[in-house]
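Fold and geometry: a report
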Amino acid sequence: MVELFIGGEWTAAADGGVREIRCPADGTLVATVDEAGPKDASAAVAAARDAFDRGPWPGTPAAERGALLLRVSALLERDKDALARAESLDTGKRLVESVYDMEDIARCFRYFGSLVATGGHGRVVDTGDPGVDSRVVHEPVGVCALITPWNYPLLQTAWKVAPALGAGNTFVLKPSELTPHTAVMLMRLLAEAGLPAGAANLVLGAGATAGAPLTEDPRVDMVSFTGGLVTGRRIMAAAAPTVKKVALELGGKNPNIVFADAAFDAAVDYALTAVFLHAGQVCSAGARLLVQEELHDAFVTELVRQAGAIPLGGPFDDDARAGPLISAAHREKVEAYVAAGLAEGAVLRCGGERPDDPALRDGFYYLPTVLDECTPGMSVVTDESFGPVLTVERFRDEDEAVALANDTVYGLAGAVWTSDAARGHRVASRVRAGTVWINDFHPYVPQAEWGGMKQSGFGRELGPTGLAEYQEAKHIWRNLSPSPQRWFA
Ligand code: NAD
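Let me begin by describing the structure that accompanies this report.

Rules used in this analysis
Residues numbered from 1 in each chain as written. Predicted model: local features only at pLDDT ≥ 70, side-chain atom pairs only at ≥ 80, totals over all residues. Heavy atoms only, no water. Helix = DSSP H or I, 4+ residues; strand = E, 2+ residues; numbered from the N terminus. Expected span 1.5 Å × (residues − 1). Contact = heavy atoms within 4.5 Å. Phe/Tyr/Trp six-rings, centres within 6.5 Å; stacked < 30°, edge-to-face > 60°. Buried < 20%, exposed > 50% of the residue type's maximum accessible area, 1.4 Å probe, protein only. Lys NZ or Arg CZ within 6 Å of the ring centre and 35° of its normal. Near = heavy atom within 4 Å. Polar contact = N/O pair within 3.5 Å; in protein donor to acceptor, adjacent residues only side chain to side chain. Areas by Shrake-Rupley, 256 points an atom, 1.4 Å probe, with all protein chains shown as cover. Nonpolar A, V, L, I, M, F, W, Y, C, P; charged D, E, K, R; others polar. Lys, Arg positive; Asp, Glu negative; His and termini not counted. Salt bridge = Lys/Arg side-chain N within 4 Å of Asp/Glu carboxyl O.

Here we come to helix H3 (residues 80–91). For H3, built from twelve residues, the straight-helix expectation of 16 Å at 1.5 Å per residue is met to within 8% by its first-to-last C-alpha distance of 16 Å. The elements touched by buried residues of H3 are strand S3 (18–22), strand S4 (29–34), helix H2 (62–78), helix H4 (95–118), helix H5 (153–166) and helix H6 (181–192). Of the residues flanking the end of H3, it is glycine 92, one or two places downstream, whose phi is positive at about 80°.

Here it is as structure tokens:
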């Protein structure tokens, strides 16, 4: 049985709740895990609070905190095959993609480890008064609730855990109830690296019963959440009465803009990975293709030819290039978006159904789907379907491309393809999104900030700002020779 991790102890759920984890690729039982409820969430917060208020971690020198993150990075490298396997069983993701993720995760810990160990830890303020010593220092925020989704389970967790610990916070982690295993493994690695008991706590379970109590608890100082827009709104409201610091990494409906002068083969190739990687279950997926009028027919024809040939299969099928969706319910949601798009006038160019391969019958597969002749306002264009569904819209010129790209409540990411460097930069600066790629799609590095504008959220992960999210700036003013002011005398 997989248990909760509270105050440095592996602990069964207080009410005896359990949940079965099944692989989305074929429905096989992966494990049975403890299911936390409000009592467990409260116990985990108590442990994190105690570790913050009385434990050694917040007062541990930054160089030692950084060194611990570097040790965790090395342990992640050591265990990357086992971690990748666990991630693939939980998510159905191809093993090779999970291995890439584990390498990125080790890099993330390495980056924050170096940043914390070597970074500046405050500054002296020039007040102009030699009788005053004025300094600004950076302190941890306190107890952090870290709530993460199922699509990149350990990656999203690492983006929070590494900076939170690096800054000296303690935390309670609540991973998605669908994909708990790599979070469990990370807790073991943190303990092995020497993290004091209580600094890292883990509750497993549903959002409403294990997650929501963390967002309401007055002993929690900050909530960092990655997940859907609707949940993000709920979490912001739940955190309001106790005025917690909140960071939200929400969804996206990301435009991929292709001008007629783009490098054709590369643009087609990247348009495929932009949207069909991990079956479209990527927050930054390029799910809206905006293609210039004169290129439209040739581009879409070639894209559809290649999309129709993408082999589907489970995590350990070496011939597969895309896996299943996370659950039956999620596949039904994707199907409903495609049906709505067709009813609203979109033209189905490929996919639009489940594969008929009997070998895939027990998984939640859906064929890569291209919907052409889409228009603004269709629900399949405006909403995040979070599946392998590409909508295609045409534009005539740069202004129309930018207007279409920004015609969304989201602002997470986007890309522009053109061989005109000046136009690439012009369009990148006009697209309202936290990340814009020029002649590329998807790359990110831990040194550069990641996050959304508009309803894709606020706050940034990664980069120096990703560390600053978990810090409070404090001004300490010292009067070196106090004498009476006689204001009231
Ligand atoms: P989700 O919002 O359903 O769940 C995310 C997490 O929140 C889960 O752990 C869930 O149990 C928990 N949760 C649900 N209700 C809660 C509540 N009331 N209080 C506290 N916790 C609660 O999202 P999901 O389906 O797991 O993930 C997919 C979404 O995540 C997509 O919208 C995707 O775009 C987004 N995402 C964003 C980024 C980013 O960097 N911006 C990265 C990955 C995923």
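Each pair of aromatic rings is reported with the distance of its centres and the angle of its planes. Per the stated rule, a full pass over the model turns up ten aromatic pairs. Consider the rings of tryptophan 159 and tryptophan 450, whose centres lie 6.0 Å apart with planes at 65°: the pair is edge-to-face. With tryptophan 159 in helix H5 and tryptophan 450 in the loop between strand S18 (435–438) and strand S19 (457–458), the pair connects residues that are 291 residues apart, well separated along the chain. Classification of tryptophan 450 by relative accessible area gives buried; the value is 7%. Following the ring pairs from residue to residue traces out a cluster consisting of Trp159, Trp437, Phe441, Tyr444 and Trp450. Positioned above the aromatic ring of phenylalanine 316 is the side chain of arginine 85, whose terminal nitrogen or guanidinium carbon lies 4.8 Å from the ring centre. Here arginine 423 stacks its cationic end above the ring of phenylalanine 259, 4.1 Å away from the centre of that ring.

A few words on the environment of glutamate 249. By the element assignment, glutamate 249 lies in strand S11 (residues 245–249). Remark: the alpha-carbon pair of glutamate 249 and arginine 78, spanning 171 residues in sequence, is separated by 29 Å. With sequence-adjacent residues up to four places away left out, glutamate 249 is seen in contact with Phe225, Thr226, Gly227, Leu412, Trp450, Gly451, Gly452, Ser456, Gly459, Arg460 and Glu461.

Attention now moves to the environment of valine 282. Examined against the element boundaries, valine 282 turns out to sit in the loop between helix H9 (264–276) and strand S13 (288–292). Since its relative accessible area comes to 7%, valine 282 is described here as buried. Between the alpha carbons of valine 282 and valine 304 there is a distance of 20 Å; along the sequence they are 22 residues apart. With near-sequence residues (within four places) excluded, valine 282 lies in contact with Asn151, Tyr152, Leu277, Phe386 and His442.

Turning our eyes to something else, we now look at unusual backbone geometry. If you check the backbone angles, histidine 278 has positive phi at about 50° while not being a glycine. Mapped onto the fold, histidine 278 is located in the loop between H9 and S13. One non-glycine residue, histidine 442, lies in positive phi territory at about 90°. Relative to the assigned elements, histidine 442 resides in the loop between S18 and S19. Relative accessible area serves as the criterion here: at 16%, histidine 442 is assigned to the buried category.

A few words now on the site of the ligand. Around the ligand there are 27 residues in total, and Lys174, Glu177, Thr231, Leu250 and Glu384 lie nearest to it. Side-chain polar atom of glutamate 177 to an oxygen atom of the ligand: 2.7 Å apart, as the coordinates give it. When isolated, the ligand has an accessible area of 850 Å², and the protein chains bury 88% of it. Listing elements by their share of the shell around the ligand, those giving two or more residues are helix H7 (207–216), strand S10 (222–226) and helix H8 (229–239). In terms of residues, the shell around the ligand owes the most to one element, H7, which gives three residues. Residue composition of the shell around the ligand, grouped by class: twelve nonpolar, eleven polar and four charged.

Here we take up the side chain of glutamate 469. In this fold, glutamate 469 is placed in the loop between helix H15 (463–468) and strand S20 (471–479). This buried residue, glutamate 469, is left without a salt bridge; lysine 245 holds the nearest opposite charge, at 4.5 Å. Setting aside residues up to four positions removed in sequence, glutamate 469 forms contacts with Val141, Met222, Lys245, Ala247, Gly459 and Arg460.

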